[in-house]
Structure formats: structure tokens, C-alpha cells
Amino acid sequence: MKVAVIGAGLMGSGIAQTFAQAGYEVKNIDTFKDALAKADENVKKLFEKKVAKGKLTEAQKDEILGRLTYSPRMEDIKGAAVIIEAVPEKIELKKSVFAEIDKLADPEAVIVSNTSGLSISEIAAATNRPNKVMGAHFFYPAPVMKLLELIRGIATDDETYNTMKKMAQKIGKTTVDAPEFPGFIVNRILVPMQNEAAFMVMEGCEPKDVDNAMKLGCNFPMGPLELTDFVGVDIMLGTMKGLYKGFSDSKYRPCPLLENMVKAGYLGKKAGQGFYRYDKDGSIIG
Ligand code: CAA
């Protein structure tokens, strides 16, 4: 079965890798050729590390990488049974991508958005087949995180939902049904906590103190600020803004420090600077 993943950023490339590891033929599509080259390089590096650690043989690595190909052409979604969109969280962009998918995808294809909180019904309405559209929210890093939130739009039919649910099991994910409201389940709880941690830094706390408190006091694998850097300060702020706008509720007010950081280009680990500074290998240096 062929799977197409649209978007080769951190999420899209990780989702493509996840399906390739599970045995699917995957086409990762992005109109930005630089993004494709970077995704290819990152995935290869990751697999080389796994071979070096003895977690994968050279032959297994080559087999998985052989199933994962890249393309800058949207036409390459043709023949895909499942199409997963993972482009940036901008509703107009997602709608235009879905309108294009609608023109090119096979009639029976299941079309999935990896949105972290936008309306599936609104995205689906950009197509002439809203019954074939649903949400499946992966977590970063997609190949590692076990959860997949499944979200039905108003028109999503049972066949579409069941196909995605079965596929989720095949790629080793545990699913939960999430309501079609901003943030679904995880981000509605997690992102306000990250936002609150940013407020504490704005009030003068050291990021290390906030993170150590949550790691040692709650057994979190990463502190909320380290996690914000890991996922991307811009991504986290975008999600917080989605909650604020979507619920029209001041309790989701984004922390102004996050706005300043994004304006300054302090986007987290990927930029070498966020709440912490990083070396070129991604280790914290200050
Ligand atoms: N991409 C792919 N795989 C990665 C990865 C990445 N960016 N980072 C780590 N991994 C893999 C490694 O290859 C390794 O795999 P193997 O065991 O097969 O070698 C495995 O993860 C463990 O990595 P490490 O040993 O290097 O590091 P670790 O044990 O400290 O774990 C972690 C790293 C899994 C990221 C862990 O710190 C963790 O679980 N952090 C919390 C992550 C989290 O909360 N994610 C949710 C973010 S919110 C979100 O995603 C919502 C949204 O809408 C953006």
C-alpha cells in the first residue's frame, strides 16, 4: 500500500519515516526542495546512529530507506491509499493544500490532516469529499511517540475513520478519540502548561529551575521549556494562539515573552537558540 505525506518539516518527515519503518511505500512530498534534502539527510543520519548502536542492521536500514522516497510534485499523491498532510499550522495554507489534494487524489483515498488543533470540518470543506477527510495528530518525534489522536470532522464517514484506526495499529500507535475542539486533548492540557512556564521565565525564574522542578517533581522526560525548544517556540506559540482564538477565552492568553522570542528568531533547538542555547549537534550549551 502506498502512503503519501505532504510536508517534509520535522513532523512530516518523521511521519514518513514512521510509515516506511512499518513496511509502507512512502512518498514524502514538499514543494520546497531544500526541505526534502534536509529531511532525507536527517532521516539518514538517524538511521546511521541506529546502525552504530546495533539497533538496526545495514541491510534493514537500506530496506527502510528504499521504501522512503521524496518528491517536489503534488501529482505524486496519485495511487496513494492514504494521504497525510503535515504542512505548517495555517488554516488558509491547509485549505489550499486540501483543495489541490482533492483534484489529484484517487477517489477512494483517505485524506488525513496532522493538524495539532485546527478544525477538521473546515479543512474538509475545502474538498468535494469531506467524508474522506479526518484528523490524525502525531506527536514529536513521530517515530518515537506512541500516541495518535484521531479526530473526526462533522462529515467524516466510518470507513475513513476505521481505515486510519487500523493503519495506526499497523504503525504501532495507540489511538485515542479526540473532540474537534482547539488543541484536541494533549495540546489543550500541555501547551497552557508550557505557556505558564514561559510566564515564570518572564517573571525572572531561570529556565533550568523551572525544567528541573517539573522533571524531578513530576517525572517528566523533559521540562516544559526544554520541550518548547524541542518542538519549536513558533510551533508552541501558534498552538497557544489557536487555543486563545478558538475558545475566545483569556485563560489561553499567550505569554508575551514567546512573541518576542519568535520575533527575534529564538525558535528553539532548530535555530540553535530558544530558552537555551544549542551547539550544532543539538546539545544544550547554556
Ligand atoms: N526524531 C526521531 N527519532 C528521535 C528523535 C527525533 N527528533 N529524537 C530521539 N529519537 C529517537 C532516537 O533515535 C532513539 O531511538 P532508538 O532508541 O531506536 O535509538 C530514541 O528516540 C531515544 O532517544 P535518545 O536515547 O537520544 O533520548 P531520550 O531517551 O532522552 O528520549 C525523547 C528522547 C523520546 C525525545 C524523550 O526526551 C521524550 O519523550 N521527550 C518528550 C517528548 C514529548 O513530550 N513530545 C510531545 C511534544 S508535543 C507535540 O508533539 C504536539 C504538537 O502538536 C507539536
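This write-up is about the structure you can find in this document. Because the structure is a prediction, the values reported are computed rather than measured. For every chain, the first residue of the written sequence is number 1, and numbering continues from 1 along that sequence. In view of the model being predicted, local features appear only for residues whose pLDDT reaches at least 70, and side-chain atom pairs are presented and counted only at 80 or more, with totals across whole chains, interfaces and linings using the full set of residues. As a convention, hydrogens and water are excluded, and side-chain values are obtained from all of the structure's heavy atoms.

### Thoughts on the pattern of salt bridges
Every case where a carboxyl oxygen of Asp or Glu lies within 4 Å of a side-chain nitrogen of Lys or Arg is listed as a salt bridge. In this structure the tally under the stated criterion is 16 salt bridges. Residue Lys44 pairs with Asp40 through a salt bridge whose shortest N-O separation is 3.0 Å. You can see Lys44 and its partner Asp40 sitting in helix H2 (residues 33-52), four residues apart, about one turn around the helix. Only protein chains enter the calculation, and the probe is 1.4 Å; a residue is then buried if its accessible area is under 20% of its type maximum, exposed if over 50%, and partly exposed in between. Classification of Lys44 by relative accessible area gives partly exposed; the value is 34%. The closest approach of N and O atoms between Lys95 and Glu122, which form a salt bridge, is 3.2 Å. Taken together, the residues Lys95 in helix H4 (residues 91-104) and Glu122 in helix H5 (residues 120-124) connect sequence positions 27 residues apart. Only runs of H or I of at least four residues qualify as helices and only runs of E of at least two qualify as strands under DSSP, and these elements are numbered from the N terminus.

### Remarks on the site of the ligand
Any residue with at least one heavy atom within 4 Å of a molecule or strand is counted as near it. In the neighbourhood of the ligand, 19 residues make up the surrounding shell, with Lys50, Lys53, Lys55, His137 and Tyr140 lying closest. Any N or O atom pair separated by 3.5 Å or less is treated as a polar contact, with the protein-specific requirement of one donor-capable and one acceptor-capable atom, and with residues adjacent in sequence counted only for side-chain atom pairs. The backbone of Tyr140 places a nitrogen or oxygen atom 2.8 Å from a nitrogen atom of the ligand. Here the Shrake-Rupley method, with its probe set to 1.4 Å, supplies the accessible areas, and only the displayed protein chains count as covering residues. In the complex, the protein chains occlude 67% of the 1000 Å² of accessible area that the ligand would expose alone. Listing elements by their share of the shell around the ligand, those giving two or more residues are H2, helix H7 (186-202) and helix H9 (224-231). For the shell around the ligand, the element with the most residues is H9, which contributes three residues. Residues of the shell around the ligand, tallied by class, amount to 13 nonpolar, three polar and three charged. Residue classes follow a fixed rule: Ala, Val, Leu, Ile, Met, Phe, Trp, Tyr, Cys and Pro count as nonpolar, while Asp, Glu, Lys and Arg count as charged, and any other residue, Gly among them, counts as polar.

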